[in-house]
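Read off the chains here:
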Amino acid sequence: MSTTVLAGDATARRRKLTGKAPWQHDEPWSVRIGKWLILGLFALVIIIPLWMVVATSLASTKAVGEAGGMVLWTSDTSLNAYKTILSSSRIPRALGISLVATVLGTILSSAMTILCAYGLSRPSTIGHKFILWTVLFTYLFGPGLIPVYLVVRNIGIYNTIWALFVPNLFAAFNLIVLRSFFMGLPTELTDSARLDGASEWGILRKVILPLSKAPIAVISLFYGVGFWNNFFNAMLYLDDSNNYPLQMVLRDYVLNGSNMLNKASGSEVIVHNAPQTSIQMAVVVVAMVPVMLVYPFVQKHFVQGVIIGAVKG
Amino acid sequence: MAQATTGSEATRTVAGRSRAPRKGRTASVLDGQVIHHPSRWTRIKNDAPFLLMCLPTLVFLSIFHYFPMLGNIMAFEDYSPFSAPGFQSFIWSDWVGLENFRILFDDPAFWRSVLNTLVLTGLNLLLYFPVPIILAIALNSINSYWVKSITQSIFYLPHFLSWVVVVTLFTRLFSPVGLVTGFLERRGIDAPHIIGNPDIFPFLVTQQSVWKDAGWGVIIFLAALAAVSHDLHEAAAMDGCGWWGRMWHVTLPAIRPTIVMLLILRLGDALNVGFEQFLLQRPAVGPDAAEVMDTYVYYVGIDGGGFSQAAAAGLLKGVIGLVLVLAANKAAHALGEDGIYRGRPS
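Bear in mind the structure is a predicted one, so any value in this text is a computation, not a measurement.

**Brief notes about the packing of helix H13 (residues 246-255) of chain A against helix H9 (residues 163-174) of chain B**
Move 1: Running from N to C, H13 of chain A and H9 of chain B point in directions that differ by 15 degrees, and their axes come no closer than 10 Å. In terms of their interaxial angle, H13 of chain A and H9 of chain B are classed as roughly parallel. H9 of chain B is crossed by H13 of chain A, and the crossing has left-handed handedness. Between H13 of chain A and H9 of chain B, the residues in contact are Gln-247, Leu-250, Arg-251, Val-254 and Leu-255 of chain A and Val-164, Val-165, Val-167, Thr-168, Thr-171 and Arg-172 of chain B, respectively.

Written out as structure tokens, the structure is:
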């Protein structure tokens, strides 16, 4: 590891002098143009659809009518679509259900993973190998959809908000990431704390956790995004469409085109004169925004998480 | 360090990893020192906090993983949820042996789903797999820190969007009232019929995967590229190796282990082509094109109530998947690569 860092330093210095990394000597013109084209095109392909959604959600009835559907640019913006979905009873409720499931699920699953990762971080523990294989085997062999479905039906969480996240509380991948990180921490830290009479719980809380904020942020994000984006649990385990989370409402209302807003549990919807398309796109925006707000803060730690997970897995 | 700690600690640090003492021995000699092995009970007592920490996960896995795994016994039964209350129905349903598998193998829809799954994996390897590698090599050669990190932010973003959002985006681009279709029609070009077209569907879903995850796949190759020693490039350049020569002889060999590992991982995962993506689009395209093994299990079992037949399909998929992963890992070792996991986890 240290050699890489040194090489990196040397490159950084050389780059400052020449403005070039060593692999770029006599880079052909075709490559120089080609790489910008590739990167630029791929970035545009990602951005344009997202832009389209935001623009359409903000477009007025007139702009949508003229474009015949989706728009990329509108000079005539209005927030009516957002006012409409917020004054409906359906979307705020679905949003609330999604938020509760995501927050509860993320807290529980992160706590479970942190505890288990530390519990498995010392190979000398009795039964270590057996427990580790018990956990890792779940990565290789899944029990199958039908038996899990029947278990959920029979343990009393069917048709409750718990069904949205409890069956998915654990991912072996995240455990591998965190455990590898814990095992990479210098043992002197835990050993000296142990000599000072700290309990294992105290060591985990006061020594390990403060050093592990980055990988914990990454696995929490992975868990959180998973819960937020999940629609299949609702489809499987919820009978009453009034209790659907946001992704499920999105599926029914935007993808399958059913008219959700008006049948929203009997209450009157205040009509804000927004086109149907804009309202639908506003729901998409609401479903995307929480994830887009959180992930840039965690982005710089991704490399660590993904690489450890992939290599040590 | 060893002297400072308690007896049991010393055993661990000196005698090394987790080896329990040989049967019947309570002490052994190492480097002229007598080391007392703690009894099993002492070890459990000493390690209690660690074991307790693993407990929530173990309880969870017992309920949602290992118990359902036992529940797969229903694949050999004519399972009926009404045969007995609760979980007893797993025991009291009629035993039919391999009958469910016979029904499964006689069902053309099942074979259709297997075929679709394999075709999609093949397409994925052809059209998806090379994309992150090319993107990573291009991105790695960008000098500006800001351009690089903004590009990375954009590339990673779609990975965090749900399949519902991604499928919605593609529909709104390519459906008859979509943005691209409208754009083409205004210029008098006949837009191809893309959404809901079974012939194009395999390519459409592969492109959706590229859009969603190819940017994310860049991470692991970028890390491999960053670890390439620059001396190699300089030495090669000194010896008169041109840019393409260095690409072939330095850059690509450096990321070869990563490529092989991911390729093997993908092959071992051949039966998993993504579930939600197909579940969402099956109504629009029809089962002939959009049925994969996972959706087959869902539609036969949950939607159609054929629990046992679906469980049989799920079990078959799980077992073949396990064999594929193990075989792929063996292959990796045979090729001298690390594989997905090593012989024993450390």
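Having put the structure on the table, let's press on.
**What about empty space enclosed by the protein?**
All names here are of chain A.
Move 1: The tally for this structure, following the rule as stated, stands at two cavities of 30 Å³ or more.
Move 2: If you add up the space inside the second largest cavity, you get close to 70 Å³.
Move 3: Forming the boundary of the second largest cavity are Ser-98, Ala-101, Leu-164, Phe-165, Phe-227, Trp-228, Asn-230, Asn-233, Ala-234 and Pro-245.
Move 4: Looking at side-chain class alone, the lining of the second largest cavity contains seven nonpolar, three polar and no charged residues.

**Digging into the confidence of the model for chain B**
Residues and elements named next belong to chain B.
Move 1: Averaged over every residue, the pLDDT of chain B is 85; residues scoring 70 or more account for 88%.
Move 2: A low-confidence stretch, residues 1-18 stays under pLDDT 50, and its non-local contacts, those more than four residues away or across chains, total 27 contacts.
Move 3: Taken together, the stretch residues 342-346 has pLDDT below 50 and engages in twelve contacts with residues farther than four places along the chain or on a different chain.

**Remarks on helix H16 (residues 293-303) of chain B**
Residue and element names in this part refer to chain B.
Move 1: Of all eleven residues in H16, ten are buried; the element is thus mostly enclosed.
Move 2: All of the buried residues along H16 are Met-293, Asp-294, Thr-295, Tyr-296, Val-297, Tyr-298, Tyr-299, Val-300, Gly-301 and Ile-302.
Move 3: A positive backbone phi angle near 80 degrees is found at Gly-305, which sits one or two residues after H16.

**Side note on the packing of aromatic side chains**
Move 1: Counted by the stated rule, this structure contains 40 aromatic pairs over all chains.
Move 2: A ring pair is formed by Tyr-149 of chain A and Tyr-237 of chain A, whose centres lie 6.1 Å apart and whose planes are at 15 degrees; its orientation type is stacked. Here Tyr-149 of chain A is found in helix H7 (residues 145-154), whereas its partner Tyr-237 of chain A is found in helix H12 (residues 232-237), with 88 residues between them in sequence.
Move 3: Accessibility expressed as a relative area gives 5% for Tyr-149 of chain A, which makes it buried.
Move 4: Aromatic rings pair up to connect Tyr-149, Tyr-158 and Tyr-237 of chain A together with Phe-67, Tyr-79, Phe-87, Phe-90 and Phe-307 of chain B into one cluster.
Move 5: If you follow Arg-187 of chain B out to its NZ or CZ, it ends over the ring of Phe-183 of chain B, 4.0 Å from the centre.
Move 6: Across from the ring centre of Tyr-299 of chain B, 3.5 Å away, lies the NZ or CZ of Arg-282 of chain B, which sits over that ring.

Reading the values: rules and limits
Residues numbered from 1 in each chain as written. Chains lettered and ligands numbered in written order. Predicted model: local features only at pLDDT ≥ 70, side-chain atom pairs only at ≥ 80, totals over all residues. Heavy atoms only, no water. Axes fitted to C-alpha atoms, helices over the stretch in contact; angles between N-to-C directions. Helix = DSSP H or I, 4+ residues; strand = E, 2+ residues; numbered from the N terminus. Parallel < 35°, antiparallel > 145°, perpendicular 65-115°, else oblique. Left-handed = near helix turned anticlockwise from the far one by under 90°. Contact = heavy atoms within 4.5 Å. 1 Å grid on protein atoms, 1.4 Å probe; cavity = no way out; pocket = protein on both sides within 12 Å on 5 of 7 lines; lining within 4 Å. Points joined across faces, edges and corners; volume = space filled by probe spheres on them. Nonpolar A, V, L, I, M, F, W, Y, C, P; charged D, E, K, R; others polar. pLDDT = per-residue confidence, 0-100. Buried < 20%, exposed > 50% of the residue type's maximum accessible area, 1.4 Å probe, protein only. Phe/Tyr/Trp six-rings, centres within 6.5 Å; stacked < 30°, edge-to-face > 60°. Lys NZ or Arg CZ within 6 Å of the ring centre and 35° of its normal.

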